[in-house]
Amino acid sequence: MSYLNLKRAVLAGIAGILLSAGTAQALELRSADIHPDDYPTVLAVKKMGELIQERSGGRITVKVFSGGALGSENDSIEQVKLGALTMARVSSAAMHNICEVTRVPSLPFLFTSTEHLHKVLDSDIGDQMLRSCEQAGFVGLAWYDSGARSMYSRDKPIRNVSDAKGMKIRVQQSDLSVAMIEAIGANATPMPLGEVYTSLKTGLIDAAENNYPSYESGHHYEVAKYYSKTEHTMTPEMLLFSKRQWDKLPEADRKIIQDAARESVAYMRKLWAERENNSLQIVLKGGAEVVETDKASFQAVMKPVYDRFVTTDEMRDLVKRIQAVK
Ligand code: GTR
């Protein structure tokens, strides 16, 4: 060991002793997000960090690694599972193949409005779906908004199902996302978000699907100008905490973290509504065209995915309860 490393090790050792001699240890919670610093999901987790820091007397802090600094969503999910990373804010679609109950809120045309979505996510139904990933190694702390996802294409607008036939459409890496696109007779191409811009630009894919903020922040509107309002799914975002790390935390710290996560939701929703608007203005200015679609035609052909993906009594019950929320 070099002198410098020896000195570091000794100092770290002393710091460790000092910390454990105190009442409680300092704790840094590291969180990953693929979105840039000004995106509502990133700002919401930072807000949560402020609340946690305040309520723990500065002992617990949150550091957000934005812009995909820690890799793709799948990479950070893996790290969280191993306990090498504390938190990840991901799309719930990234969890579809890991804990199947998370497929439920992504089912096509399940939610009838943002209000319906909020009511469900804020209820015991939302809590049940959040808790569903614990066995897989993830504590769900909160649901965040992600609006509605619509399809956007490079060469011609999609107005109905037949317009989309045969198109290569990028989807999230989830079997359900693939199935929704295959249901309309298009070729689903799953890939991480970071590859979409180049794939659209080079013509590797003809189209993709997302909400206005991601369409805008990823500059996809510059290479796929027809934004067709299919609004086929309202897949929400999830804030996940490593179960391995959670189990080691004292109950009082868990409460501080859980409460702060829940409280960040209202803040996030406000930012989200503003961002959806701003993003729409930006893409319109940048030459995008918003196209109305024959939604009923998409809804009709996507219906069979319910039978294929709602596979357990619990999921069937959740769907029924969600549809009953008015
Ligand atoms: C966004 C979502 C991201 C990511 C992305 C995608 O709306 O916020 O977490 O999943 O979609 O399409 O990959």
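Described below are features of the structure shown in this document. (Residues numbered from 1 in each chain as written. Predicted model: local features only at pLDDT ≥ 70, side-chain atom pairs only at ≥ 80, totals over all residues. Heavy atoms only, no water.)

Soluble globular proteins tend to bury their nonpolar side chains together. Formed by 55 residues in total, the largest nonpolar core has its most connected members in Met95, Val104, Met129 and Ile184. The leading source of residues in this core is helix H7 (residues 175-182), at 5 residues. In this view, Met95 contacts Ile77, Val90, Thr102, Cys133, Phe138, Met238 and Leu240; residues no more than four positions away in its chain are not counted. By size, the runner-up hydrophobic cluster in this structure holds 27 residues, among which are Ile52, Leu249, Ile257 and Val265. (Core = buried A, V, L, I, M, F, W, Y, C linked by side-chain atoms within 4.5 Å. Buried < 20%, exposed > 50% of the residue type's maximum accessible area, 1.4 Å probe, protein only. Helix = DSSP H or I, 4+ residues; strand = E, 2+ residues; numbered from the N terminus. Contact = heavy atoms within 4.5 Å.)

To continue, consider the site of the ligand. Contacts to the ligand come from 14 residues, most closely from His35, Glu73, Arg170, Asn210 and Glu237. Residue Arg170 places a side-chain N or O atom 2.7 Å away from an oxygen atom belonging to the ligand. One of the side-chain N or O atoms of Ser214 is found 3.3 Å from an oxygen atom in the ligand. Notes on the ligand: free accessible area 320 Å², of which the protein chains cover 97%. Residues of the shell around the ligand, tallied by class, amount to 2 nonpolar, 7 polar and 5 charged. (Near = heavy atom within 4 Å. Polar contact = N/O pair within 3.5 Å; in protein donor to acceptor, adjacent residues only side chain to side chain. Areas by Shrake-Rupley, 256 points an atom, 1.4 Å probe, with all protein chains shown as cover. Nonpolar A, V, L, I, M, F, W, Y, C, P; charged D, E, K, R; others polar.)

Before going further, it helps to spend a moment on unusual backbone geometry. With a phi close to 55 degrees, Phe109 is a non-glycine residue in the positive phi region. Here Phe109 shows up in the loop between strand S3 (87-91) and helix H4 (114-121). A positive phi is found at His219, a non-glycine position, where the angle reads about 60 degrees.

All right, on to the side chain of Glu216 then. Relative to the helices and strands, Glu216 is located in helix H9 (residues 212-217). Excluding residues within four positions of it along the chain, Glu216 makes contact with Tyr221, Arg275, Ser279, Ile282 and Val283.

Here we come to the packing of aromatic side chains. Under the criterion given, the structure shown has 7 aromatic pairs. Look at Tyr215 and Tyr227: their rings are 4.8 Å apart centre to centre, the planes differ by 45 degrees, and that puts the pair in the tilted class. Of this pair, Tyr215 sits in helix H9 while Tyr227 sits in strand S9 (residues 226-233); the two residues are 12 residues apart in sequence, bridging distant segments of the chain. Both residues of the pair, Tyr215 and Tyr227, count as buried. Pairwise contacts between aromatic rings join Tyr152, Tyr212, Tyr215, Tyr221 and Tyr227 into one cluster. Directly above the aromatic system of Tyr267 lies the positively charged group of Lys47, at a separation of 5.1 Å from the ring centroid. Across the ring face of Phe65, the terminal group of Lys63 is positioned such that the distance to the ring centre comes to 5.2 Å. (Phe/Tyr/Trp six-rings, centres within 6.5 Å; stacked < 30°, edge-to-face > 60°. Lys NZ or Arg CZ within 6 Å of the ring centre and 35° of its normal.)

Time to look at the sheet that holds strand S1 (residues 27-32). A sheet is described by the order of its strands in space; here 5 strands give the open sequence S2-S1-S3-S10-S4, paired in mixed fashion. The sheet is open, and its two edges are formed by strand S2 (60-65) and strand S4 (138-144), each paired on a single side. The average undirected angle you get between the axes of adjacent strands in this sheet is 25 degrees. Relative to S4, helix H11 (residues 251-285) is tilted by about 25 degrees, and along the sheet it contacts S1, S2, S4 and strand S10 (237-242). (Pairing = 2+ DSSP bridges. Axes fitted to C-alpha atoms, helices over the stretch in contact; angles between N-to-C directions.)

With that settled, consider the pattern of salt bridges. A complete count under the given rule lists 23 salt bridges for this structure. Put simply, Arg55 and Glu263 hold a salt bridge, and the shortest N to O gap is 2.6 Å. Here Arg55, found in helix H2 (residues 40-55), pairs with Glu263, found in helix H11; they are 208 residues apart in sequence, far enough to count as distant. Using a relative accessible area of 38% as the deciding quantity, one classes Arg55 as partly exposed. Glu209 is paired through a salt bridge with Arg149; the nearest N and O atoms lie 3.1 Å apart. With Glu209 in strand S8 (residues 207-210) and Arg149 in strand S5 (residues 149-153), the pair connects residues that are 60 residues apart, well separated along the chain. Here Arg149 falls in the buried class, since its relative accessible area comes to 5%. (Salt bridge = Lys/Arg side-chain N within 4 Å of Asp/Glu carboxyl O.)

Looking now at the environment of Lys168. Positionally, Lys168 belongs in strand S6 (residues 168-171). Residue Lys168 is classed as partly exposed on the basis of its relative accessible area, which comes to 35%. For the pair formed by Lys168 and Pro192, sequence separation is 24 residues and the distance between their alpha carbons is 15 Å. Lys168 has contacts with Asn187, Thr189, Leu204, Ile205, Asp206 and Ala207, leaving out every residue within four places of it along the chain.

On to the pairing of S8. Of the two faces of S8, the one holding Ala207 and Glu209 and the one holding Ala208 and Asn210 are both buried throughout. Examined bridge by bridge, S5 and S8 share 4 bridges and lie antiparallel to one another. Each bridged residue has a counterpart across the sheet, and for Ser153 the counterpart in S8 is Ala207.

Two elements in contact, helix H5 (residues 124-131) and helix H14 (residues 313-324), have axes separated by 10 Å at closest approach and are oriented at 150 degrees. In terms of their interaxial angle, H5 and H14 are classed as roughly antiparallel. As for how H5 packs across H14, the hand of that crossing is left-handed. Across from Asp124, Ile125, Gln128 and Met129 in H5, the residues of H14 making contact are Glu314, Leu318, Arg321 and Ile322. Split into classes, the residues belonging to the contact of H5 with H14 amount to 4 nonpolar, 1 polar and 3 charged. (Parallel < 35°, antiparallel > 145°, perpendicular 65-115°, else oblique. Left-handed = near helix turned anticlockwise from the far one by under 90°.)

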